[in-house]
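Observations on chain architecture
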Number of protein chains: 2
Amino acid sequence: MILILPISSYSILSAQSTKQKVFEKYKKVADSIISRSLSEQKGYEWLKELCEIGPRLSGSENSFKAVHWAKNKMEELGFDSVWLQPVMVPKWVRNNIETAIVSYSKKYKGRKLNIASFGGSIATPPNGKTAEIVEVKSFDQLKILGEKIKGKIVFFNRAFDNSLVNTFEAYGKAVDQRTQGAIEAARYGAVASIVRSVTSRKDNVPHTGVMYYDSLITKIPHAAIGTLDADFLSRAISEEPSLKITIEMNCQNYSDVNSFNVIGEIRGNEFPNEIIVVGGHFDSWDKGCGAHDDGAPCLQTMEILDLLNRLGLKPKRTIRCVLFINEENGLRGALEYGKYADTVKVKHLAAIEADRGAFTPRGFNITSDSTTVKKLQDWLPILNKAHIDWIRPGGSGGDIAQIKNAKAWFGFVPDDQRYMDLHHSDNDTFESVHPREMQLGTAAMAILTYLLSEEGL
Amino acid sequence: MILILPISSYSILSAQSTKQKVFEKYKKVADSIISRSLSEQKGYEWLKELCEIGPRLSGSENSFKAVHWAKNKMEELGFDSVWLQPVMVPKWVRNNIETAIVSYSKKYKGRKLNIASFGGSIATPPNGKTAEIVEVKSFDQLKILGEKIKGKIVFFNRAFDNSLVNTFEAYGKAVDQRTQGAIEAARYGAVASIVRSVTSRKDNVPHTGVMYYDSLITKIPHAAIGTLDADFLSRAISEEPSLKITIEMNCQNYSDVNSFNVIGEIRGNEFPNEIIVVGGHFDSWDKGCGAHDDGAPCLQTMEILDLLNRLGLKPKRTIRCVLFINEENGLRGALEYGKYADTVKVKHLAAIEADRGAFTPRGFNITSDSTTVKKLQDWLPILNKAHIDWIRPGGSGGDIAQIKNAKAWFGFVPDDQRYMDLHHSDNDTFESVHPREMQLGTAAMAILTYLLSEEGL
């Protein structure tokens, strides 16, 4: 037996004992949190109510209904404070026309294509835009074609790379076609552009999302097309390069309108001025019902407060649920909350964001200093009860990143294999959320929140 | 800097460097395996073909079709050897009648109930069994009721405990009602018994499975009932204790018939006599199409061999895929393979079983000595590329447990939150399998298999 150990071994032993202590101290409470969350499935029931309202695009009537639904729910649940934080948000409306049809072709004339306008796109003229198609897979290819693009409809057809394990990485490698495509196509004189949906699924459901214009470049209509129709179109124009399609869209941009972040909190009984924020973005795209993106995750964070109440746990620090409005096409809610936090000098201890769907839990990303990350890794055995297998340095989330003065920012990371099947599309329905997966994630975040409240950082 | 370290630190450092070495040596091959598996989705395509045959209950015509489909597929794929290993299996046929109806009640007469005979159950007489219902939640309760059970239909209504994280644990705590229920009910004179389906889902789909009789106790018909109908029935008999139901089933037991394990292998080029078995059970229940249980996992293990071939990887040791027949109601295929291995003295290095669905990968259970387990844990960083987050001592699987002389037995552990929704029921369809989840699991098992082949144990 060796009694005198070098420092490295000391620190290993001390880490072991901290892990063990935290585990012993919180194992019972963790078990109760998990068992109540899984058996009562309250958040999942709320999700059903929320989805019945419909999708919640910023500025839409549904979004206001949802805001008030959430405020009422928080009040019913007896949170210590509940309030709405006003914020101006953009308003874009899809309207009732978005069609694409093969209008000139020997073989395919009349064939319809499933499209969905991207959020922020301008409309086509009333009778649509008719033009030949040019298929490209990159902006470089577009540049090489240059003048040949003029008067055409650009068809961005770079596929989601299913060979990658991380679906967010695959998404990141294809989504520039959506965000920048209209700018790049118009730069060379295109009259409209369509983009292969950024999805892991072969179906015909178009996936919408945010897009940008450049104030110095002509604005053109810009829409998503389902992956099966993208495959069809690619084949069809290789057979008949002179094939034309007609796209018609009547979506519309409006002036900003007033909306709200929904905020509710339960006050800490020892350090009420130290705030732990938990939340997600409450707006969604106007397809499906925004169940995974980001309805269920919002309700997971809302249920954290209620779970602690149901279990009679009085947190030492204040736990605040912030449902940020307008993450999808503006981040206005998060910016507003960040500004308020700066101005009022809110003392944030930590913030946890849930915006990667409500699938089975895998880990937490943390943005913090290395000492804090190490401390937090000692909590892994207790979090592991809710199937959190790792805690790693990494990005947390766009909304809570606007909170400048916290000590640690967490991103909840559920499994991501199914997420891009449904993201921003009609596939993102209540039925796509699994109650046990959702409720296990709720439990994981509730345990982390409670540990933060009791142990501090 | 400390140059002389106590043994404990030595071993930590040496473990670190082994992990690193294994990681560096295999990272490229692991990336190729993952990327080919995810992008080509071959196993998932095979699953579609397999599911088109239908469910594969031992002894059924479909099971023979499936056996030949698998043999042909292995031959087409160019495995070095492909053969069928004969084995006698039980034969039970559900037939066309399984109905339950409320036959005596003021309020509910005529209300139908969704039932499914358990595998091995005897039939009712031609006009069914009509009797009052006694609801119980445990065998102890049944014992207390004793004589009052006589002439009644016992309704076992202990629910799947959704508060538990591990769905296999929840399953284990309820499934005795199915396996032993007919024996216990008949012990006190019941004329039939029905069991609340052992499932995490509230729907009306009954879940079948194996059941047992005791040769000294009268055999009675025994069937599952959907959870919604179980809830209804419980309410109805609390309102009207004299309510009667009539159950009719015409299922039938036959003599054993001849069937086969399907075996295919690619031969090792250095140690061809050292065998690594990968496999699952190829039979299923006769509900749904046995997609998760255990079709997809079988095809995952089959694709391991093909993936190595596609990538031009020549394993040092022989990799043998064994698709065991009759795990569900007899384990005959595994027993036969075990006997053969004993007799012929096959030198098994290791065996990997996949029989927990084809969901997203989480870890591997290992049965082995502690030195081997430690060695295998050094492989975690490389397996982590395919989202294997842990390697732990634990049970491997019922089929490979019949192989007596291996050095290590592995159970592939995918996420289990959705499994008991569909297990042994009409919910277990092709559509319930997600291609990326399945193919990531294939990659995880392929990497482990290749490491075993190259590194030995």
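Bringing the interface of chain B and chain A into the picture now. Frequently, the measure chosen for interface size is the accessible area removed from exposure when the parts meet. Contact residues are listed per partner, giving 26 residues for chain B and 26 residues for chain A. A total of six residues in the side of chain B that touches chain A trace back to one element, the largest contributor, which is helix H1 (residues 7-40) of chain B. The residue makeup of the side of chain B that touches chain A, split by class, is nine nonpolar, 11 polar and six charged.

Moving on to the sheet that holds strand S12 (residues 317-324) of chain B. Residue and element names in this part refer to chain B. Here eight strands make up an open sheet; going across it, the order is S1-S10-S12-S11-S13-S16-S14-S15 and the pairing mixed. A single partner strand is all that each edge strand has here, and the edge strands are strand S1 (81-93) and strand S15 (390-393). On average, each strand axis in the sheet is inclined to that of its neighbour by 20 degrees, with strand direction left out of account. Here strand S10 (residues 252-266) runs beside S12; their pairing, made up of five bridges, is antiparallel. Of the residues in S12, the one forming a bridge with Glu265 is Arg320. Sitting on the sheet, helix H9 (residues 291-310) is in contact with S10, strand S11 (271-281) and S12, with an inclination near 150 degrees to S11.

Residues and elements named next belong to chain A. Where strand S2 (residues 98-104) lies against strand S9 (residues 244-249), six bridges are found, and the strand directions are antiparallel. For Thr99, the partnering residue across the bridge sits in S9 and is Glu248. As paired elements, S2 and strand S3 (residues 112-113) share two bridges and run antiparallel to each other. Bridge pairing links Ala100 to Leu113 in S3.

This brings us to the sheet that holds S3(A). Residue and element names in this part refer to chain A. Read across the open sheet, the eight strands follow the order S3-S2-S9-S5-S6-S7-S8-S4; overall the sheet is mixed. The sheet terminates laterally at S3 and strand S4 (115-117), the two strands that pair on one side only. Each of S3, strand S5 (129-136), strand S6 (153-156), strand S7 (192-196) and strand S8 (222-225) touches helix H8 (residues 227-239); the most contacted strand, S5, lies at about 90 degrees to it.

Attention now moves to the relation of the copies chain B and chain A. Superposition record for chain B on chain A: RMSD 0.0 Å, screw rotation 180 degrees, translation along axis 0.0 Å. Taken together, these values place the two copies in the relation of a two-fold axis. Closest to the rotation axis within chain B is the C-alpha of Asp389(B), separated from it by 3.2 Å.

Here we take up the domain arrangement of chain A. Residue and element names in this part refer to chain A. Examined at the domain level, chain A breaks down into domain 1 (24-92 + 255-455) and domain 2 (95-250). Between the C-alpha centres of domain 1 and domain 2 the distance comes to 34 Å. At the interface, 15 residues of domain 1 touch 18 residues of domain 2. Looking at the side of domain 1 that touches domain 2, the element that brings in the most residues is helix H13 (residues 419-422), giving three residues. Of the residues assigned to the side of domain 1 that touches domain 2, the class counts are four nonpolar, six polar and five charged.

Residue and element names in this part refer to chain A. Per-residue confidence for chain A gives a mean pLDDT of 96; residues scoring 70 or more make up 97%. When the criterion is pLDDT under 50, residues 1-10 qualifies, and its contacts beyond four places in sequence or with other chains add up to 10 contacts. Under the prediction, the complex receives an ipTM of 0.95, its pTM being 0.96.

Calculation rules
- Residues numbered from 1 in each chain as written.
- Chains lettered and ligands numbered in written order.
- Predicted model: local features only at pLDDT ≥ 70, side-chain atom pairs only at ≥ 80, totals over all residues.
- Contact = placed C-beta atoms within 7 Å.
- Helix = DSSP H or I, 4+ residues; strand = E, 2+ residues; numbered from the N terminus.
- Nonpolar A, V, L, I, M, F, W, Y, C, P; charged D, E, K, R; others polar.
- Pairing = 2+ DSSP bridges.
- Axes fitted to C-alpha atoms, helices over the stretch in contact; angles between N-to-C directions.
- Least-squares fit on C-alpha atoms with pLDDT ≥ 70 in both.
- Domains from an automatic or database assignment.
- pLDDT = per-residue confidence, 0-100.

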